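Descriptive structure summary
So the chains spell out like this:
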Amino acid sequence: QVQLVESGGGLVQAGGSLRLSCAASGSIFSIDDMGWYRQDPGKQRELVAKIGRGGSTNYRDSVKGRFTISRDNAKNTVYLQMNSLRPEDTAVYYCNADIRRFVMFQNENYWGQGTQVTVSS
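These notes cover the structure that comes with them. (Residues numbered from 1 in each chain as written. Predicted model: local features only at pLDDT ≥ 70, side-chain atom pairs only at ≥ 80, totals over all residues. Heavy atoms only, no water.)

1. Focus on the overall build of the protein chain
Counted only if it meets this: Put simply, DSSP H or I for four residues or longer makes a helix, DSSP E for two residues or longer makes a strand, and each gets a number counted from the N terminus. C-alpha atoms define the radius of gyration in this analysis, and the globule rule sets the expected value at 2.2 Å times the number of residues to the power 0.38. The cut-offs for exposure are 20% and 50% of the maximum accessible area for each residue type, with area from a 1.4 Å probe on protein chains only; residues under the lower value are buried, those over the upper are exposed, and the others partly exposed. What makes two residues a contact is simply this: any of their non-hydrogen atoms within 4.5 Å. All accessible-area figures derive from a Shrake-Rupley calculation using a 1.4 Å probe, and residue coverage is judged against the displayed protein chains alone. For this count, His and the chain ends are skipped, Lys and Arg are scored as positive, and Asp and Glu as negative. Taken as the charge location is NZ of Lys, CZ of Arg, CG of Asp or CD of Glu.
Across its full length, the protein chain holds zero helices and eleven strands. The C-alpha atoms of the protein chain give a radius of gyration of 14 Å, which matches the 14 Å a tight globule of 121 residues would have. Dimensions of the protein chain, computed from C-alpha atoms along their principal axes, come out at roughly 50 × 25 × 20 Å. Per-residue burial over the protein chain gives 40% buried out of 121 residues. Taking the contacts inside the protein chain whose residues are at least 6 apart along the sequence as the reference set, 55% of them involve residues at least 24 apart. Carbon and sulfur atoms make up 45% of the accessible area of the protein chain, which amounts to about 6500 Å² in all. Taking the average location of the 14 positive side-chain charges in the protein chain and that of its 11 negative ones, the two points are 2 Å from each other.

2. Considering the nonpolar core
The condition that has to hold: Throughout, nonpolar core names a set of buried Ala, Val, Leu, Ile, Met, Phe, Trp, Tyr and Cys residues whose side chains join them through atoms within 4.5 Å.
Grouped together as the largest cluster of nonpolar side chains are 29 residues, with contacts concentrated most on Trp36, Leu80, Met82, Tyr93 and Ile99. At the level of elements, β3 (18-25), β4 (28-39), β5 (46-51), β7 (67-72), β8 (77-82), β9 (91-101) and β11 (115-120) are the ones that each hand at least two residues to this core. When residues of this core are assigned to their parent elements, the largest contribution, five residues, is made by β9.

Written out as structure tokens, the structure is:
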């Protein structure tokens, strides 16, 4: 089974930085889009940033200029560099990826378990 494991979450003061990592492992043939989503309790999960296999990116407006998504295809890993963090960035951040396993004809969508990011004033 394919697994996504996030790391890098934690507590940081406003204006600080965190770097999230998400590594995919398992019987992986290829990975297309990878992304980061976040969710506060009682709210809908929202896209933070996505990156295609070739490096194309898109960000939600509120993080543009502050967050940078990147990936290392050789390591099956996606990163989210978060700078100038604000209290409203506080959420559980989830890694997401479209992954094709060797035995499958099409991609499947996978989620990590999430990592807590808390930004204090």
